[in-house]
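Understanding the architecture of this molecule
Residue strings, one per chain:
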Amino acid sequence: MLNDNTKSYLHLHWIVFIWGFTAVLGRLITLDALPLVWFRMLFAVGFIFIYIKIKKVPLKLPKKVLLKFLVAGLVIALHWFTFFRAIKVSNVSITLACLSTGAFFTSIIEPIFFNKKVVWYEILFGLVVVFGLTIIFNVEGKYMEGIILALTSAFLSASFAVINSKFVKDYEPTIISYYELVGGVLFFSIFILGTSGFDTKFFQLTSHDFMYLMILSSVCTAYAFIASTAVMKFLSPYTVMLTINLEPIYGILLAVLIFKDKEQMSPAFYVGAAVILITVIVNGIIKSRHKAS
């Protein structure tokens, strides 16, 4: 029989694999990025609400805290929008390779947000990441818009992670996620109403799009979030960090297998992507050892 640690480790790999599959779903869904994210958040709110009711988790919060969660929801909504938009205008490989820079945006944002000192080796690693990005820019210049969108998405993701690291100390993660998703739906709904509006065409989903959206919102959003919180009870932060860094690798491999020629990149691209991924993993290892000591 497997012990709790081994089960949790295998479970975490499954969750990271699911996160890697998110980008593939973004490519398979024919909707534009804005309605795609709106439907994803709306359906995920429904699934998490059902979970909250089953677990009888109290939803009541102070108004000031609720407002903070709703505003944070706009950040995650914009992260997903730029993420899926990057996939639409480039491809999964470009998007995931650039999204890997999120760890280094965090190393820049965190000292500013928490008034901490900048760590010298993170600056060095940041320069190495820039080198990896330069390789990708030089060989895949035709995907410039996608690269810029993916880097913006990485910055927003890092900002969201730093913001949530404060929230999670005082509040239930499921409640935080629920209200942030509600906030994302709310802000995007206001934007849509002020621009194109909600017409009948907006809600006309193909059977394939609806099926993929249900998988994206239930398995890749609601389930993955709740499950990733649960496994942290048995695994060290180092193990979690190292495993999560495999997400771009899983995603790129899945994209190549599913989309074949559309995701085949030049050898130099994979060199640049490898430079970024290896640097992110090494940075995580050093950071975990410093915290342990």
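Structure report, in brief. (Residues numbered from 1 in each chain as written. Predicted model: local features only at pLDDT ≥ 70, side-chain atom pairs only at ≥ 80, totals over all residues. Heavy atoms only, no water.)

Now for the packing of aromatic side chains. The full count for this structure, using the stated rule, is 21 aromatic pairs. For the pair Trp38 and Phe202, a centre-to-centre distance of 5.4 Å together with 75° between the ring planes defines the contact as edge-to-face. Of this pair, Trp38 sits in helix α2 (residues 33–55) while Phe202 sits in the loop between α8 (173–194) and α9 (207–231), placing them 164 residues apart in sequence. Neither Trp38 nor Phe202 differs from the other in exposure class; each is buried. With a centroid separation of 5.2 Å and 70° between ring planes, the pair formed by Phe202 and Phe203 is classed as edge-to-face. The exposure class assigned to Phe202 is buried, which follows from its relative accessible area of 12%. Aromatic ring contacts, followed pair by pair, group Trp38, Phe39, Phe43, Phe198, Phe202, Phe203 and Phe210 into a single cluster. Between the NZ or CZ atom of Arg40 and the centre of the ring of Trp80, over which it lies, the distance is 3.9 Å. (Phe/Tyr/Trp six-rings, centres within 6.5 Å; stacked < 30°, edge-to-face > 60°. Helix = DSSP H or I, 4+ residues; strand = E, 2+ residues; numbered from the N terminus. Buried < 20%, exposed > 50% of the residue type's maximum accessible area, 1.4 Å probe, protein only. Lys NZ or Arg CZ within 6 Å of the ring centre and 35° of its normal.)

Glancing now at the environment of Val118. Within the secondary structure, Val118 sits in the loop between α5 (102–114) and α6 (120–139). On a C-alpha basis, the gap between Val118 and Leu12 in space is 30 Å, while along the polypeptide they are 106 residues apart. Setting aside its immediate chain neighbours within four residues, Val118 contacts Pro111 and Ile123. (Contact = heavy atoms within 4.5 Å.)

In this section: the layout of surface pockets. What the second largest pocket holds in volume is close to 300 Å³. Lining the second largest pocket we find Thr30, Leu31, Asp32, Leu34, Pro35, Ile192, Ser196, Gly197, Asp199, Lys201, Phe202 and Gln204. (1 Å grid on protein atoms, 1.4 Å probe; cavity = no way out; pocket = protein on both sides within 12 Å on 5 of 7 lines; lining within 4 Å. Points joined across faces, edges and corners; volume = space filled by probe spheres on them.)

This paragraph deals with the packing of helix α3 (residues 63–89) against α8. At a minimum axis separation of 6 Å, α3 and α8 run at an interaxial angle of 70°. Considering their axes alone, α3 and α8 lie roughly perpendicular with respect to each other. Between α3 and α8 lies a crossing whose hand is right-handed. Between α3 and α8, the residues in contact are Leu66, Phe69, Leu70, Val71, Ala72, Gly73, Leu74, Ala77, Leu78, Trp80 and Phe81 and Ile176, Tyr179, Glu180, Leu181, Val182, Gly183, Gly184, Phe187 and Phe188, respectively. (Axes fitted to C-alpha atoms, helices over the stretch in contact; angles between N-to-C directions. Parallel < 35°, antiparallel > 145°, perpendicular 65-115°, else oblique. Left-handed = near helix turned anticlockwise from the far one by under 90°.)

Together, Trp14, Phe17, Met211, Ile215, Val219 and Tyr223 make up an exposed nonpolar region whose accessible area comes to about 490 Å². Of all the elements in the fold, those that place two or more residues in the nonpolar patch are α1 (4–28) and α9. When residues of the nonpolar patch are assigned to their parent elements, the largest contribution, four residues, is made by α9. Residue position: Met211 is located in helix α9. (Patch = residues over 30% accessible without salt bridge, like charges linked within 9 Å, V, L, I, M, F, W, Y side chains within 5 Å. Areas by Shrake-Rupley, 256 points an atom, 1.4 Å probe, with all protein chains shown as cover. Salt bridge = Lys/Arg side-chain N within 4 Å of Asp/Glu carboxyl O.)

This part takes up unusual backbone geometry. In this structure, Lys56 takes a positive phi of about 55° despite not being glycine. Assignment of secondary structure puts Lys56 in the loop between α2 and α3.

In this section: α5. A rise of 1.5 Å per residue sets the reference length of α5, with its 13 residues, at 18 Å; its end C-alpha atoms lie 17 Å apart and thus fit the reference within 8%. Bending of α5 peaks at approximately 25° at the position of Ile108, with proline Pro111 no more than four residues after it. Within two residues after α5, Asn115 carries a phi angle of roughly 55°, on the positive side. (Expected span 1.5 Å × (residues − 1). Bend = angle between axes of the 7 residues up to and from the residue.)

Counting residues in hydrophobic clusters, the biggest one holds 56 residues, and the most contacted among them are Met41, Phe84 and Leu216. Broken down by secondary-structure element, the contributors of at least two residues to this core are α1, α2, α3, α4 (92–99), α7 (144–167), α8, α9 and α11 (247–259). When residues of this core are assigned to their parent elements, the largest contribution, 12 residues, is made by α2. If we ignore the near neighbours within four places in the chain, the residues touching Met41 are Ala77, Trp80, Leu181, Gly184, Val185 and Phe188. Grouped together as the second largest cluster of nonpolar side chains are 20 residues, Ala86, Phe104, Ile136 and Ala273 included. (Core = buried A, V, L, I, M, F, W, Y, C linked by side-chain atoms within 4.5 Å.)

It is worth stressing that arrangement in space is one thing and function is another; only the former is reported here.
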